[in-house]
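What the coordinates show
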Amino acid sequence: MLTLTSPVETPFHRLPAGGKLAALAGFTLLLFATDALPLLGAALALVAALHLFGGAAFLAHGARLLRPLWPFAAVVFLWHLWRGEVLAGLAILIRLSAAVAAANLVTMTTRLSDMLPVLERLARPLAPLLPPARLALAIALVIRFIPVLSDRVAQIRMAFAARSPRRPGWRMLPPAALAALDDADHVAEALRARGGAG
Amino acid sequence: MLCGTILGAKRGAFAVLLFLLLVALGLPLLSGGRGGLGVFAGPSVGFLLGFPVAAFVAGWVMERTTLPPLTAAMAGAVIGGIGVLYPFGIAGMALVLDLSLTEASYLAFAFLPGDLVKAVLAGLVTQAIARARPGALLSRG
């Protein structure tokens, strides 16, 4: 799957992306401005409650997205436990989970096609430096070439498996990098032949 | 690291910026299929924001030395990908996790062995590219 947008349709999918982003920015600023445990707890409960609009599976998926935080959370909590500042450690953990979960919620409920116009609007002041058409082309090319490159990597892995019972490991890297550079050259040539990137 | 050592300072930094933009838009491009706005609120935000600068410095080192590609790329990867990147990452962790800078630096030590291995790999891959496609090594135009 090439996007983190949730397939579960929630009421938030229909809200304007710009508004959601602005709300997220405000929410995160507030989170980092306060140390009060009840306030942080309420914020985390609010984020969890918002997840519930999408049903239990949606909530479970949101919780799964927080998993990469665990190692950091464990280290920080143990550190504060050792220094006898359990409450301070708890506040940090709650703030962190609330901020990350809220941001993930926006990502899960906003389609790429809704996000791009916001980016376009934000990038408009940069127009003299960076023509919007060129930025749009660059984004489109990256999105298009992610599956192409992962196919290439799968090919290289199969070719390696045909020759050796060992795991390819880092030996995948040079051929994959070469393939990416060659593809990039071909695309650049094709673009130039058709009049350039505009 | 590789972005800078192969593409050079400017192109490498722009490539990483574009990559971060797409991560923020919600594509799961980071290691472990992570992505979305959540990672910019998490503890590794400093590392993410430091990536373009690190790629720039790695590319700059690669462009300015006359060492052979292997050692130049390894040096670039260590200077850019560790020397320049870690201060960003440490500041980010200190801010998000509410630690002092010293405490955050201890935490960063956990990443050091892996990143040293990656720097050696970046050197090896850059050397392989230099041999197979000398013209594609834009950092050595």
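Remember, predicted model here, so these are calculated numbers, not experimental data.

With that settled, consider the overall build of chain A. Along the backbone of chain A there are eight helices and zero strands. The secondary structure elements of chain A, listed N-terminal to C-terminal, are α-α-α-α-α-α-α-α. For chain A, whose C-alpha radius of gyration is 22 Å, the value lies well above the compact-globule estimate of 16 Å for 198 residues. With respect to the three principal axes, the spread of C-alpha positions in chain A is 60 × 50 × 35 Å. Among the 198 residues that make up chain A, the fraction classed as buried is 20%. For chain A, the share of sequence-separated contacts (at least 6 apart) that also reach a separation of at least 24 residues comes to 73%.

Let us now look at the overall build of chain B. Each helix and strand counted, chain B has six helices and zero strands in total. In sequence order, the secondary structure elements of chain B are arranged as α-α-α-α-α-α. Relative to the compact-globule value of 14 Å for 141 residues, chain B shows a C-alpha radius of gyration of 15 Å, a close match. For chain B, the residues scored as buried account for 52% of the 141 residues in total. In chain B, of all internal contacts separated by at least 6 residues, the share reaching a separation of at least 24 is 67%.

Taken residue by residue, the interface counts 34 residues in chain A and 29 residues in chain B. Elements with a minimum of two residues in the side of chain A that touches chain B: helix 1 (17-33), helix 4 (70-82), helix 5 (86-108), helix 6 (112-123), helix 7 (132-163) and helix 8 (173-193) of chain A. Residue contributions to the side of chain A that touches chain B peak at eight residues, all from helix 5 of chain A. Class assignment for the residues of the side of chain A that touches chain B results in 27 nonpolar, six polar and one charged.

Turning to the nonpolar core, a few remarks are in order. In this structure, A98, A99 and A102 of chain A together with A55 and M93 of chain B are the most contacted members of the largest nonpolar core, which totals 67 residues. Those residues in contact with A98 of chain A that sit more than four places away from it in its chain are L31, L40, A43, L44 and V47 of chain A.

The next thing to look at is the domain arrangement of chain A. The domain boundaries assigned to chain A delineate domain 1 (11-122) and domain 2 (131-193). A separation of 34 Å is found between the C-alpha centroids of domain 1 of chain A and domain 2 of chain A.

Before going further, it helps to examine helix 1 of chain A. All names here are of chain A. Across its 17 residues, helix 1 extends 24 Å between first and last C-alpha, which sits within 8% of the 24 Å expected from 1.5 Å per residue. For helix 1, the full list of buried residues reads K20, T28 and L31. Across the axial projection of helix 1, the buried residues extend over an arc of 70 degrees, all falling on one side. Facing away from the buried side of helix 1 by over 90 degrees, the exposed positions are G19, A22, G26, L29 and A33. Against the buried residues of helix 1 lie helix 2 (37-52) and helix 5.

Let's shift gears to the environment of L93 of chain A. Residues and elements named next belong to chain A. Counting through the fold element by element, L93 comes out in helix 5. Remark: the alpha-carbon pair of L93 and A74, spanning 19 residues in sequence, is separated by 9.2 Å. Apart from the residues lying within four places of it in its own chain, the contact partners of L93 are A73, V76 and F77.

Time to look at the environment of P68 of chain B. Residues and elements named next belong to chain B. Here P68 lies in the loop between helix 3 (45-64) and helix 4 (69-97). C-beta crowding within 10 Å serves as the criterion here: with 11 such atoms nearby, P68 is assigned to the exposed category. Note: C-alpha distance between P68 and L25 (43 residues apart in sequence) is 38 Å.

Before going further, it helps to examine helix 3 (residues 56-65) of chain A. Residues and elements named next belong to chain A. Looking at helix 3, one finds that the buried residues are F58, G62 and L65. All buried residues of helix 3 project into a common sector of 55 degrees when viewed along the axis, lining one side. More than 90 degrees from the buried face of helix 3, the exposed residues found are A56, A57, A60 and R64.

Overall, the prediction assigns chain B a mean pLDDT of 83, with 91% of residues at 70 or greater. Across the interface, the model reports ipTM at 0.77; the global pTM reads 0.79.

Further remarks concern the environment of V86 of chain A. Mapped onto the elements of the fold, V86 of chain A is located in helix 5. Among all residues touching V86 of chain A, those that are not within four sequence positions of it are H80 and L81 of chain A.

The description of two packed helices rests on the angle between their axes and on the distance between the axes. Residue and element names in this part refer to chain A. Packing of helix 1 against helix 6 brings their axes to within 9 Å, and their N-to-C directions diverge by 75 degrees. It follows from the interaxial angle that helix 1 and helix 6 lie roughly perpendicular. Residues A17, G18 and L21 of helix 1 touch helix 6, and the partners they reach there are D114, M115 and V118.

What counts and what doesn't
- Residues numbered from 1 in each chain as written.
- Chains lettered and ligands numbered in written order.
- Predicted model: local features only at pLDDT ≥ 70, side-chain atom pairs only at ≥ 80, totals over all residues.
- Helix = DSSP H or I, 4+ residues; strand = E, 2+ residues; numbered from the N terminus.
- Rg over C-alpha atoms; globule rule 2.2 N^0.38 Å.
- Buried ≥ 20, exposed ≤ 12 C-beta atoms within 10 Å, placed from the backbone.
- Contact = placed C-beta atoms within 7 Å.
- Nonpolar A, V, L, I, M, F, W, Y, C, P; charged D, E, K, R; others polar.
- Core = buried A, V, L, I, M, F, W, Y, C linked by C-beta atoms within 7 Å.
- Domains from an automatic or database assignment.
- Expected span 1.5 Å × (residues − 1).
- Arc of directions from axis to C-beta.
- pLDDT = per-residue confidence, 0-100.
- Axes fitted to C-alpha atoms, helices over the stretch in contact; angles between N-to-C directions.
- Parallel < 35°, antiparallel > 145°, perpendicular 65-115°, else oblique.

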